[in-house]
Amino acid sequence: MLVSATEMLQKARDGHYAVGQFNINNLEWTKSVLLTAEETKSPVILGVSEGAGKYMTGFKTVAAMVKAMVDTLGITVPVALHLDHGTYEGSKACLEAGFSSIMFDGSHYPIEENIAKTTELVALAHAQSVSIEAEVGSIGGEEDGVVGMGEVADPAECARIAGLGIDFLAAGIGNIHGKYPANWKGLDFDALAKIHNATGGIPLVLHGGTGIPAGMIQKAISLGVSKINVNTECQLSFAEATRKYIEAGKDLQGKGFDPRKLLAPGAEAIRATVREKIELFGSAGKA
Ligand code: 13P
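Parameters and conventions
Residues numbered from 1 in each chain as written. Predicted model: local features only at pLDDT ≥ 70, side-chain atom pairs only at ≥ 80, totals over all residues. Heavy atoms only, no water. Salt bridge = Lys/Arg side-chain N within 4 Å of Asp/Glu carboxyl O. Helix = DSSP H or I, 4+ residues; strand = E, 2+ residues; numbered from the N terminus. Buried < 20%, exposed > 50% of the residue type's maximum accessible area, 1.4 Å probe, protein only. Pairing = 2+ DSSP bridges. Axes fitted to C-alpha atoms, helices over the stretch in contact; angles between N-to-C directions. Contact = heavy atoms within 4.5 Å. Core = buried A, V, L, I, M, F, W, Y, C linked by side-chain atoms within 4.5 Å. Near = heavy atom within 4 Å. Polar contact = N/O pair within 3.5 Å; in protein donor to acceptor, adjacent residues only side chain to side chain. Nonpolar A, V, L, I, M, F, W, Y, C, P; charged D, E, K, R; others polar. Phe/Tyr/Trp six-rings, centres within 6.5 Å; stacked < 30°, edge-to-face > 60°. Lys NZ or Arg CZ within 6 Å of the ring centre and 35° of its normal.

Colleague: Could you give me a rundown of the pattern of salt bridges, with the residues and numbers involved?
Modeller: Applying the stated criterion across every chain yields a total of 14 salt bridges. Measuring nitrogen to oxygen at the nearest pair gives 2.8 Å for the salt bridge that ties Lys117 to Glu113. Residue Lys117 and its partner Glu113 are located together in helix 6 (residues 111–127), separated by four residues, close to a single helical turn. By relative accessible area, which is 17% here, Lys117 ends up buried. Its relative accessible area of 33% is what places Glu113 among the partly exposed residues. In this structure, Glu133 engages Lys227 in a salt bridge whose closest nitrogen and oxygen atoms are separated by 2.8 Å. One end of the pair, Glu133, is in strand 5 (residues 131–136); the other, Lys227, is in strand 10 (residues 225–230), with 94 residues separating them in the sequence. Residues Glu133 and Lys227 agree in their burial class; the two are buried.

Set out below in structure tokens:
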């Protein structure tokens, strides 16, 4: 069974740790994340971007696969299936498909429009006991080879969005998706402290969890961050392990071409990355 992310994130906030959101792309990814969460006795959030949803042939396929896998693997830790950076239409599609949590990313709309759309989606999500994340201040990242620096959210705007009844809030504090460039200035902790004070203790979300030094992660958690998203780091460890397997060559001459064997080192590598993050975020043993 899937659960909304509200309770697990409130517990994380009160217990001063963070729950990891690990993005999934296929069956191997999903299995690796679920097994590692179970092994470490950690609550977990499976993130699905709109692109990954399309790749897996649609949100209904994803929801059916995840629900069945939680059941057949005998997963006992709380698992939320969450739409990552959803559009207005994508958010509605995930509510229909049976996701237990959604993110509506209205950060690119003028604030009044972000508020109107978030308000509508809060009502729809809560009518189905689905949790909802909203965003203020866009998270930068690489697009077409150009790395955009993340915006820093305005605490007053964060307070307005937090007041709409959302369950957790993503606020830009100079974090970006993908690898951080060499000239990155680090997270803006002054802004985070102001946002934390202005938003009445709502669990805060840190996107762009790949490559943030451990000390900054711990400081962010101490300032109200209760959910940390990781995607690129799993992709990098998967790709690197797969490359090594193929370069080793000899394996491919036996039965190594079998996709179950070919994808196994990558799946193992994802498990190692997820375990490391769960330990760093402090959620091990909290399920
Ligand atoms: P990274 O790809 O930088 O780990 O960020 C993931 C993320 O924030 C997904 O929303």
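More follows now that the structure is in view.
Colleague: Which residues make up the sheet that holds strand 3 (residues 79–86), and what values do they have?
Modeller: What links the strands of a sheet is backbone hydrogen bonding, and the strands pair in either a parallel or an antiparallel sense. Taken together, the eight strands give a closed barrel; going around it, the order is 1-2-3-4-5-8-9-10, and neighbouring strands pair in parallel fashion. Across the sheet, the axes of successive neighbouring strands diverge by a mean angle of 25°, strand direction being ignored. As paired strands, strand 2 (residues 44–49) and strand 3 are joined by six bridges and run parallel to one another. Each bridged residue has a counterpart across the sheet, and for Ile45 the counterpart in strand 3 is Ala80. Its contacts with the sheet put helix 7 (residues 155–162) on strand 5 and strand 8 (168–171), and the angle it makes with strand 5 is roughly 160°. Lying on the sheet, helix 13 (residues 264–281) is in contact with strand 1 (19–23) and strand 10; it crosses strand 1 at an angle near 155°.

Colleague: Just give me the short version of the nonpolar core, but keep the residues and values in it.
Modeller: Counting 73 residues, the largest nonpolar core has Val48, Val79, Leu81, Phe99 and Leu206 as the members making the most contacts within it. When residues in this core are grouped by element, the largest group, seven residues, is from helix 4 (residues 59–72). Excluding residues within four positions of it along the chain, Phe99 makes contact with Val48, Phe59, Val62, Ala63, Leu81, His82, Leu83, Cys94 and Val130. Formed by twelve residues, the second largest nonpolar core is a distinct cluster that contains Leu9, Tyr17, Ala80 and Met103.

Colleague: Provide a residue-level description of the site of the ligand, including the pertinent values.
Modeller: Taken together, 13 residues surround the ligand, and among them Asp84, Gly208, Thr210, Asn231 and Thr232 come closest. Contact distances for the ligand include 3.1 Å between an oxygen atom and a side-chain N or O atom of His177. At 2.8 Å, a backbone N or O of Gly178 approaches an oxygen atom of the ligand. Where the shell around the ligand is concerned, the elements lending two or more residues are strand 3 and strand 10. Across the shell around the ligand, the residue classes break down as two nonpolar, ten polar and one charged.

Colleague: Quick one: what's the story with the side chain of Ser101, residue by residue and with numbers?
Modeller: Note on placement: Ser101 falls in strand 4 (residues 101–104). Residues contacting Ser101, with those up to four places away along its chain left out, are Ala5, Leu81, His82, Leu83, Val130, Ser131 and Phe168.

Colleague: Describe the packing of aromatic side chains, naming the residues involved and giving the relevant values.
Modeller: Applying the stated criterion across every chain yields a total of four aromatic pairs. Consider the rings of Phe59 and Phe99, whose centres lie 5.5 Å apart with planes at 80°: the pair is edge-to-face. Placement of the pair is Phe59 in helix 4 and Phe99 in the loop between helix 5 (88–97) and strand 4, with a sequence separation of 40 residues. A single burial state applies to Phe59 and to Phe99, both of which are buried. When the ring centre of Tyr88 is taken as origin, the NZ or CZ atom of Lys117, which lies over that ring, is 5.5 Å away.

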